[in-house]
Amino acid sequence: MKKIDMHAHFFPPISQALAAGLDADKAPWLAIDSGGETGQIMKGAHPFRPVYRALWDPQQRLEEMDRHGIDLQIVCATPIMFGYEFPAEQTASWAARMNDLALEHCAADPHRLKAMAQVPLQDLELACREASRAKASGHVGVQIGSHLGARDLDDEHLVQFLIHCANDGIPILAHPWDMMTDGRMKKWMLPWLVAMPAETQLGILSLILSGAFERIPASLKLCFAHGGGSFAFLLGRVDNAWECRDIVRQDCPQRPSSYTNRFYVDSAVFDAGALRLLVDVMGADRVMLGSDYPFPLGEQNIGKLVADNPWLTPADKQSISAGNAVDFFDLRG
């Protein structure tokens, strides 16, 4: 069975000097340990996350893809690379450079590695320009954060970017980042375990309940990472609120669950029952294999959850493992 992993990350070997061109105190860069096998993503002078060679070395990535039986992997920036908090012109230059480095990473085997781009989302014109440039240069889509500071995906600025991508045929992966914590989730990776799924659900519901999907062309190809976060499990609560409270219905003309045909999710939910629920809610044609590789919170045996799921038909498994991604990213050519 063919396997396409549509949610994997990379981080190029950015030097501290290169990062300082964006911001000397906060921009991310990669400190590789003396042995070359491990390293640390740095944020200015401060360690951010320990990582290992597959994140920046495409040959290591390809070797691990072979071990997992992955035919093709689509890579995108580690979200700390977004640069939304910096001046837009500087971030535009940074994004273009990171996108070029993504293509260099994939050049190790362009038949098995494809890249999604990043954009300076804080400036609509610059973001649209870079998204279209990236598509023309060979990127198969764009990854964006699930929000832009205090602005959720229903913000008009972000809706206009989604409309641009719909009109230009650019698929989008919306990835949670900069999680809501308010200082409360201090230990045990709770921001990643609690706030990250909530961020993803917030992104989805902001588009549904605001009525934004009524204005965005149905041609938009939009996928939410991590199985859509907490969306599928709590959708019944949202439908109930829509039925019972006019303030929930005021901008959303249709039952919230009727909008599941407007977006996709990946399969990174790590539990057979959770995947069964996700497919029940979204449909097997709206779920794509995604691992969050090569991070510890990603699927450690990529594709096993789908392949071993007793509730999925062989046709469903093939659609989730590869077919849906072929359609979403237009990979037939």
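Below or above, wherever it landed, is the structure these notes cover. Per chain, residue numbering runs from 1 following the sequence as it is written. Local features in this predicted model are restricted to residues whose pLDDT is 70 or higher, and side-chain atom pairs enter the listing and the counts only when it is 80 or higher, whereas totals over whole chains, interfaces and linings include all residues. To obtain the side-chain values, all non-hydrogen atoms of the structure were included, while hydrogens and water were left out.

1. Concerning the side chain of Arg286
Then, in step 1: Runs of H or I in DSSP of at least four residues are treated as helices and runs of E of at least two as strands, each being numbered from the N terminus. Note that Arg286 resides in the loop between helix H10 (272-282) and strand E11 (287-288).
Then, in step 2: Only protein chains enter the accessibility calculation, which uses a 1.4 Å probe; a residue whose area is less than 20% of its type maximum is buried, one above 50% is exposed, and one in between is partly exposed. The positive count covers Lys and Arg only, the negative count covers Asp and Glu only, and His and the chain ends enter neither. For this document, the term salt bridge refers to a Lys or Arg side-chain nitrogen within 4 Å of an Asp or Glu carboxyl oxygen. No salt bridge is formed by the buried Arg286, whose closest oppositely charged neighbour, Asp285, lies at an N-O distance of 4.5 Å.
Then, in step 3: Apart from the residues lying within four places of it in its own chain, the contact partners of Arg286 are Thr260, Asn261, Arg262, Phe263, Tyr264, Val265 and Asn324. Contact criterion: two residues are considered in contact whenever any of their non-hydrogen atoms come within 4.5 Å of each other.

2. Re the packing of aromatic side chains
Then, in step 1: Each Phe, Tyr or Trp ring, with Trp reduced to its six-membered ring, pairs with another whose centre is within 6.5 Å; inter-plane angles below 30 degrees give stacked pairs, above 60 give edge-to-face pairs, and intermediate values give tilted ones. Scanning the entire structure with this criterion turns up nine aromatic pairs.
Then, in step 2: With a centroid separation of 5.6 Å and 80° between ring planes, the pair formed by Phe82 and Trp177 is classed as edge-to-face. Pair noted here: Phe82 is in the loop between strand E5 (72-77) and helix H3 (88-106) and Trp177 is in the loop between strand E8 (172-175) and helix H6 (190-209), with a separation of 95 residues, a long-range link.
Then, in step 3: By relative accessible area, which is 12% here, Trp177 ends up buried.
Then, in step 4: Taking the centre distance of 4.9 Å and the plane angle of 70° together, the rings of Tyr264 and Phe328 count as edge-to-face. Here Tyr264, found in strand E10 (residues 264-266), pairs with Phe328, found in helix H12 (residues 314-329); they are 64 residues apart in sequence, far enough to count as distant.
Then, in step 5: Exposure remark for Tyr264: the relative accessible area of 13% places this residue in the buried category.

3. Overview of helix H8 (residues 231-244)
Then, in step 1: Under the convention used throughout, the expected extent of a helix is 1.5 Å for every residue step, that is, one less than its residue count. With 14 residues, H8 should reach 20 Å at 1.5 Å per residue; the first-to-last C-alpha distance of 19 Å fits that figure.
Then, in step 2: Fitting axes to the seven residues ending at a residue and to the seven starting there, one defines the bend at that residue as the angle between these axes. The largest bend along H8 measures about 25° and falls at Arg237.
Then, in step 3: Buried within H8 we find Phe231, Ala232, Leu235, Val238, Asp239 and Trp242.
Then, in step 4: Check the buried side of H8 and you find it contacts H6, helix H9 (246-249) and H10.

4. Quick word on the pairing of E8
If a strand is regular, its side chains alternate between the two faces of the sheet.
Then, in step 1: The side-chain alternation of E8 yields two buried faces, one formed by Ile172 and Ala174 and the other by Leu173 and His175.
Then, in step 2: The sheet contact formed by strand E7 (residues 141-145) and E8 spans four bridges and is parallel. Looking across to E8, one finds that Gln143 is bridged to Leu173.
Then, in step 3: Viewed with both strands pointing away, a crossover whose connecting path from the first strand over the helix to the second turns clockwise is right-handed. What joins E7 to E8 is helix H5 (residues 156-168), and the crossover it makes is right-handed. Two strands form a pair only when DSSP identifies at least two bridges running between them.

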